[in-house]
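# Per-entry structural report
Listed here are the chains, written in short residue letters.
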Amino acid sequence: MKIEVFLRLLKQHLLWFILIPAIAAATAFYVTRNEQKVYKSQATLYTGLVSRYSLLSDRQNSFTDRSASAFDNILTTLNSRETLLQIGINLLTDHLRLRQPDTLVLGRAGFQKLHEAITPGWENLYYVAADSALLHRTVDSLAKTPTDNPIKTLLLKSDSYYSIQQLGNNIKAMARKNTNDVLLMEYESDDPAVSQRTLHYAIENLNKRYSTLKTSETNSVIGYYEAKLEKAKTKLAQAEANLRAFSERHQVLDYDEEARNVASSREALNGEYNQELMRKNAARASLEALNKRMGQQGNIRAANNDLTEKQKKLADAESKLANARAYGQPKAVINQLQAAVTQAGEELKVSAEKYDAAANSADAIPTQTMANDRLTKSLEYEESAAKLELYQKRMNEFAAKTNEYGPLGSQLRQLNRNLSIAEKEYLDLIQNVDQSQTRRQDVAIGGTLEVLDAPDFPLEPQPTKRLQLVLIGLGVGIFIAMLLTALRFWLDKRIQSPEQAESMIGMPVVALFPTVKKPTVFTKASLAARSMFEQLFNAINIEVTQNSTKPYPPVITLFSIRSRQGKSWVAKGLIQLYENADQQVAYCYPKETGNEQREYMKGVTYFPYTVRPDFMNVTGIEYLIDYNQGLDTTQYDRVILELPALINNQIPVYLLKNSALSLLVVDANSPWARAEKQLLSMYERVTNQPILTVLNRVEGNYVDVPGRGDTMRFPTDPARSPSRSIKYSSGR
């Protein structure tokens, strides 16, 4: 929206911008005529959320600013229903103890309201007031009973000083800065004593509830960790008992050491077993060799025995031979004996050779030595066999031990792992319990809010907001006026400016005519209108001269979508210019009353015509005008044809073919919507001629006003017009 449009809207709706803000300001002034005085009490609390030194300060490796969340927790605790209820109960307890108004506790107006709220039947509360603790418990129990009573109404349902709604709306707390330890609190009411006491009880209950919540929070954590610690302790004791039972059952002091000892002992035993096995095999080989040698000594003995027997046989044969020779036995006997001696000698010789061969071998060993050696090796062999048997037994024992230690290793590792996990869990829980206990102690030491500035007693009320509310009402009224103006502008389909007209119509605006109320007087509107007629006259002449395809004289068609747009006003101005140019003009216009007749006046002939039912089929102006009026277009220099409004009449399709150009007259105050766009689109399709847009009744500073010296002075004389009335500001 341009500034000209905005100023025009302000001018049009100036009454709204005066009346609505005035009504709003007057309403605010009237409503605040009995505005109550407001007293504000303030207090400052030190929270220590950011810079306070605590038991956990040295344990924190890095600083983490949690002041924002901590402040949120404090404010949430302050605005909780229970905190507000306790504040109201404490304040109501103080006020019920009064026997008369006290400016330091409760003023006269509040005292009267309180006693009016205590309905008959509940006056016994005043007798309980002597015991403040009993009165506090009584008020607290009445506030929490399921049935209605005056105390519950005051605390939960009224707009009194004790209502939790009023307390929640008026108690304000905020951090002085984002990273500051200071909390600012304030409370406003119409009684200074109530403001101070309410803020005092707010700080007291906030401290009590906040420290209780923080302590209960740490207690729950400690209880959780202590319960987990007991379970971890039981689990650790069970793991130690399982490991101890395993050691006792399997006689294991140190499994790894014993496993290494068993492995090394088994390796040593295997070595000794192999060495002893080699000694046994060596002893067995020696025995076999000695036995073999001993077999060879038996052959010598056999040879010796055989030699001895052969010697004895030879001796017996020689003895018998000698006896036979001595006794003179027969020769045959002697020969036989001699043969026996010879044979015995041969046998002895053979035995002697055998004995000599056996007794004279290279590996011959003395029998005694061989016997001693055989005995020694036999003992050695038996000893080795006994040792090997013992070694085998030990090896079997070590194998059984190894088979036993195999699964024991995994069991022992599992037991040790369970013990390690249980011990680690136990130690971690001990650390958590220690930290949580330290945290509880830290909360107990610094968990409360310290009062830097106690709630003050306000002596002066707050400055009145009446002027501020009046100004706000004035601003709201201006805003409502602007809103209504904007809504009217957005919902109004009328043309508000030439730019808007060009955007909505889709064609440039050639001439802008203001509303002329006094045509014969040299006013700004009349001067601007005459200047615009000159410009429009020039534009028409240019278009007519450039269009050489149309017959002579050129027909200038004036049309509008709706009626009362100003076609007659535009036609009248153009006719005057043609009169001054000494040109003959035929002005054809539709009849309004039906009694209009042809008229001639100073070069202008007025031809009224009747809009017939077959208006769309008229092919020429001669057929449009009644035959008795005798229209001959060849006698005129220009023909101005005014068409009736298109929105409720037919478009003369054939008649428009001979038109040189068309003037679309649009009233700036008329709407331009979907129907106008469709009719203009159909008109453009029917005619193939230039269309000049004229915007009538334009308000504001859109029209340039020339000086008097630049304007031709030819006032319009209403007497020169035909019998029908043509008004400058309206027209058809």
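Residues numbered from 1 in each chain as written. Predicted model: local features only at pLDDT ≥ 70, side-chain atom pairs only at ≥ 80, totals over all residues. Heavy atoms only, no water.

## Observations regarding the sheet that holds strand S4 (residues 450-453)
Hydrogen bonds between backbone atoms are what pair the strands of a sheet, whose relative direction is either parallel or antiparallel. As a reminder, the rule being used: One requirement defines pairing of two strands: DSSP has to find at least two bridges between them. In this description a helix means any DSSP run of H or I spanning at least four residues, a strand means any run of E spanning at least two, and both kinds are numbered starting from the N terminus. Angles shown run from 0 to 180 degrees and are taken between the N-to-C directions of axes, each axis being a line fitted to C-alpha atoms and, for helices, limited to the stretch in contact.
The strand order S2-S3-S1-S4 describes an open sheet built from four strands, whose pairing is antiparallel. Each end of this open sheet is capped by a strand with a single partner; those strands are strand S2 (172-175) and S4. On average, adjacent strands in this sheet sit at an angle of 30° to one another, irrespective of strand direction.

## Comments concerning empty space enclosed by the protein
How we decide: Each cavity reported here is a set of points on a 1 Å grid over the protein atoms alone in which a 1.4 Å probe fits but cannot get out, each pocket an open set with protein on both sides within 12 Å along at least five of seven lines, and each lining residue one with an atom within 4 Å of a point. Grid points are joined across faces, edges and corners, and a volume is the space filled by probe spheres set on the points. Here the nonpolar group is Ala, Val, Leu, Ile, Met, Phe, Trp, Tyr, Cys and Pro; Asp, Glu, Lys and Arg are the charged ones; every other residue, Gly included, is treated as polar.
Evaluation of the coordinates by the stated rule reveals two cavities of 30 Å³ or more. A volume near 40 Å³ is recorded for the second largest cavity. Of the residues belonging to the lining of the second largest cavity, the class tally is five nonpolar, two polar and two charged.

## With respect to the side chain of Asp140
As a reminder of what qualifies: Note on classification: 1.4 Å probe, protein chains only; a residue is buried when its accessible area is under 20% of the maximum for its type, exposed when over 50%, partly exposed between these limits. Pairs of residues are marked as contacts when any of their non-hydrogen atoms sit within 4.5 Å.
Mapped onto the fold, Asp140 is located in helix H7 (residues 132-143). Taking relative accessible area as the criterion, Asp140 reaches 17% and is therefore assigned buried. Those residues in contact with Asp140 that sit more than four places away from it in its chain are Gln86 and Ile89.

## Comments concerning the sheet that holds strand S8 (residues 599-601)
The strand order across the open sheet formed by eight strands is S5-S12-S11-S6-S10-S7-S9-S8, and the pairing between neighbours is mixed. Either end of the sheet is taken by a strand with one partner, and the two such strands are strand S5 (509-513) and S8. The mean angle between the axes of side-by-side strands here comes to 20°, regardless of whether they run parallel or antiparallel. When strand S6 (residues 555-559) meets strand S10 (residues 638-642), the two strands line up parallel, connected through four bridges. Across the sheet, Leu558 pairs through a bridge with Glu642, a residue of S10. Contacts from helix H16 (residues 524-546) reach S5, S6, S10, strand S11 (661-667) and strand S12 (691-696) within the one sheet, and its direction differs from that of S5 by about 155°.

## Concerning the nonpolar core
Keep this limit in mind: Only buried Ala, Val, Leu, Ile, Met, Phe, Trp, Tyr and Cys residues count toward a nonpolar core, and they belong to the same one when joined by side-chain atoms within 4.5 Å.
Membership of the largest hydrophobic core comes to 69 residues, with the highest contact counts inside it found for Phe513, Leu536, Ile540, Val570, Leu574, Leu663 and Leu664. In contact with Leu574, other than residues within four places in its own chain, are Phe533, Leu536, Phe537, Ile540, Ile640 and Leu663. By size, the runner-up hydrophobic cluster in this structure holds 46 residues, among which are Leu98, Phe111, Ala129 and Leu154.

## Considerations on the packing of aromatic side chains
The test is simple: For this analysis, a ring pair means two rings from Phe, Tyr or Trp (six-membered ring only for Trp) whose centres lie within 6.5 Å, classed as stacked if their planes differ by under 30 degrees, edge-to-face if by over 60, and tilted for the remaining angles.
Throughout the structure, instances matching the rule amount to eleven aromatic pairs. Here the aromatic rings of Phe537 and Tyr578 are separated by 4.8 Å at their centres, their planes lie at 70°, and the arrangement is edge-to-face. Residue Phe537 is found in helix H16, and its partner Tyr578 is found in helix H17 (residues 567-580); the two are separated by 41 residues along the sequence. Judged by relative accessible area, which is 13%, Phe537 ranks as buried. Among the residues examined, Tyr578 registers a relative accessible area of 1% and is labelled buried. Through pairs of rings, three or more aromatic residues link up here, namely Phe513, Phe533 and Trp569.

## A few points about helix H15 (residues 498-505)
Quick note on the threshold: As used here, the arc is the angular range of directions from the helix axis to the C-beta atoms.
Listing the buried residues of H15 in full gives Pro498, Ala501, Met504 and Ile505. Considered in projection along H15, the buried side chains sweep an arc of 125° and stay on one side of the axis. A positive phi of about 90° marks Gly506, the residue just after H15.

## Points about a nonpolar patch on the surface
We apply this condition: The patch calculation keeps residues exceeding 30% relative accessible area without a salt bridge and links them within 9 Å when they carry like charges or within 5 Å when they are nonpolar (Val, Leu, Ile, Met, Phe, Trp, Tyr). Residue-level accessible areas treat just the shown protein chains as cover; the underlying method is Shrake-Rupley with a 1.4 Å probe. Criterion for a salt bridge: a side-chain nitrogen of Lys or Arg within 4 Å of a carboxyl oxygen of Asp or Glu.
A cluster of nonpolar side chains, namely Leu469, Ile472, Val476, Phe479, Ile480, Leu483, Leu484, Leu487 and Trp490, defines an oily patch on the protein surface of about 800 Å² accessible area. Mapped onto the elements, Ile480 comes out in helix H14 (residues 466-491). Accessibility expressed as a relative area gives 36% for Ile480, which makes it partly exposed.

## Here we look at the pattern of salt bridges
The final tally for this structure, using the stated rule, is eleven salt bridges. In this structure, Lys235 and Glu425 form a salt bridge, with 3.8 Å as the shortest nitrogen-oxygen distance. In this pair, Lys235 is assigned in helix H10 (residues 192-250) and Glu425 in helix H13 (residues 367-446), connecting sequence segments 190 residues apart. For Glu425, a relative accessible area of 27% translates into the label partly exposed. Asp428 serves as the salt-bridge partner of Lys424, at 3.1 Å between the closest nitrogen and oxygen. With Lys424 and Asp428 both in helix H13 and four residues apart, this pair spans about one turn of that helix. Overlapping salt bridges bring together Glu82, Asp140 and Lys144 as one network.

## Here's the deal with the pairing of S12
Within a regular strand, the side chains alternate between the two sheet faces. Put simply, the rule is: Viewed with both strands pointing away, a crossover whose connecting path from the first strand over the helix to the second turns clockwise is right-handed.
In terms of burial, S12 is a largely internal element, six of the six residues being buried. Where burial is concerned, the two faces of S12 agree: the one with Ile691, Thr693 and Leu695 and the one with Leu692, Val694 and Asn696 are both buried. Sheet topology places S5 next to S12; four bridges connect them, and they run parallel. Note on S12: the bridge partner recorded for Ala511 is Val694. The sheet contact formed by S11 and S12 spans six bridges and is parallel. Directly across from Ser662, in S12, lies its bridge partner Ile691. Each parallel crossover has a hand, and for S11 linked through helix H19 (residues 674-686) to S12 it is right-handed.

## Overview of the environment of Val653
Relative to the elements of secondary structure, Val653 occurs in the loop between S10 and S11. Separated by 32 residues in sequence, Val653 and Arg685 place their C-alpha atoms 9.7 Å apart. Leave out the neighbours within four places in its chain, and Val653 touches Met616 and Val686.

## Looking at the pairing of S11
Where burial is concerned, most of S11 is hidden: seven out of the seven residues are buried. Here S6 pairs with S11 via four bridges, running parallel. The residue bridging Thr557 from the neighbouring strand is Ser662, located in S11.

Nothing here speaks to function; it is geometry throughout.
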